[in-house]
Amino acid sequence: MSNQRQQKPTLTGQRFKTRKRDEKERFDPTQFQESIVQGLNQTGTDLEAVAKFLDASGAKLDYRRYAETLFDILVAGGMLAPGGTLSDDMTRTEFCLFTAQEDMETMQAYAQVFNKLIRRYKYLEKGFEEEIKKLLLFLKGFTESERNKLAMLTGILLANGNISASILSSLFNENLVKEGVSAAFAVKLFKSWLNERDINSVAASLRKVGMDNRLMELFPANKRSCEHFSKYFTDAGLKELSDFARNQQSIGARKELQKELQEQMSRGDPLKDVSPNDGNLKIDFPPPLFPSRVSVCA
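What comes next concerns the included structure.

Parameters and conventions
Residues numbered from 1 in each chain as written. Predicted model: local features only at pLDDT ≥ 70, side-chain atom pairs only at ≥ 80, totals over all residues. Heavy atoms only, no water. Axes fitted to C-alpha atoms, helices over the stretch in contact; angles between N-to-C directions. Helix = DSSP H or I, 4+ residues; strand = E, 2+ residues; numbered from the N terminus. Left-handed = near helix turned anticlockwise from the far one by under 90°. Contact = heavy atoms within 4.5 Å. Nonpolar A, V, L, I, M, F, W, Y, C, P; charged D, E, K, R; others polar. Parallel < 35°, antiparallel > 145°, perpendicular 65-115°, else oblique. Phe/Tyr/Trp six-rings, centres within 6.5 Å; stacked < 30°, edge-to-face > 60°. Buried < 20%, exposed > 50% of the residue type's maximum accessible area, 1.4 Å probe, protein only. Lys NZ or Arg CZ within 6 Å of the ring centre and 35° of its normal.

1. A word on the packing of helix α5 (residues 124–137) against helix α6 (residues 144–160)
Close contact between α5 and α6 brings their axes to 12 Å; oriented N to C, the two are set at 145°. Taken as a pair, α5 and α6 cross one another with a handedness that is left-handed. On α6, the residues that touch F128, I132, L135 and L136 of α5 are L150, T154 and L157. Taken together, the residues that form the contact of α5 with α6 break down as 6 nonpolar, 1 polar and no charged.

Structure representation (structure tokens):
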């Protein structure tokens, strides 16, 4: 006799109960948005009350699942469609970054709301950084005032270490660069950043993610020169940044010259035949930008 248990016969069409843990929750950002918008409308312009509401709501709402929707609402008032437009058929709130006053004090207060939220729910860090990258790609879909507020907020967030300078890669988008949106946004962003930190701190953050040598990419190829960059940002009141970029260009030129020297030496070429102007390099020696470093200027 077989020791295996015989399977019990079942009636045709019999339904089996599904365990709750096996059921997948349906993705419903619309319902999530309505909950957040309702809460924001009740708190009004009191950012302290907003921060408390967001803190408490995280225990009831699924921030991990709807992080993008949450940040869209806090910045733009509602979920953003591709390109940066708001959906007309969805509930929105007027209490968001884009409807706030355009000044540093207000932007610092909004930065604190994001800072408190992410400190409370650490898992939102990555999603928040991805949100900022996305918003920068949507810049053409925003008004000039909305861009200014986003730039100021981003500069403060960078200064406080809430996001990495790697988000600046979104500004190198060809369409944004071609229309001058990237450079104009960068002016507001760096002014805000330098309002909070000195140029050495900004430079360290840029170097950490390899952005220190990419600032020229804010301009189209035909304007991508040290002279144009320097004039543009100096005229905008950011001489510290233009000096930093010039210094980085000089360091790059020096490294290029050193590489050429090494190649010629490896070939056995006499050193007297090697000129600093080989390869169309122009090297001058101005005072260093940073006292602790020796630098050259192109």
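Additional details are given in the paragraphs that follow.
2. Some details on the environment of A184
In this fold, A184 is placed in helix α8 (residues 181–196). The sequence separation of A184 and Y232 amounts to 48 residues, and the corresponding C-alpha distance is 9.7 Å.

3. Digging into the packing of helix α2 (residues 47–57) against helix α4 (residues 104–120)
Remark: α2 packs on α4, axes separated minimally by 10 Å, with the N-to-C direction vectors making an angle of 20°. Considered as vectors, α2 and α4 are oriented roughly parallel to each other. Here α2 runs over α4; the crossing is right-handed. Residue-level contacts link L47, E48, V50, A51, L54 and D55 of α2 to A109, Y110, V113, K116, L117 and R120 of α4. Its residues assigned to classes, the contact of α2 with α4 shows 8 nonpolar, no polar and 4 charged.

4. Points about the packing of aromatic side chains
Two measures describe an aromatic ring pair: the distance that separates the ring centres and the angle between the ring planes. Tallying each qualifying case throughout the model produces 14 aromatic pairs. Plain terms: the ring middles of F190 and W193 are 5.7 Å apart, the flat faces sit at 10° to each other, and that makes the pair stacked. Of this pair, F190 and W193 both sit in helix α8, 3 residues apart, which is roughly one turn of that helix. On the basis of relative accessibility, which here comes to 2%, the residue F190 falls in the buried class. Taken together, the aromatic side chains of F32, Y63, Y66, Y121 and Y123 make up a single cluster linked through ring pairs. Cation over ring: R64 sits above Y123, and NZ or CZ is 4.1 Å from the ring centre. Just above the ring of Y121 sits the side chain of R120; from NZ or CZ to the centre is 4.7 Å.

Honestly, that's just the spatial picture; any functional story needs more than this.
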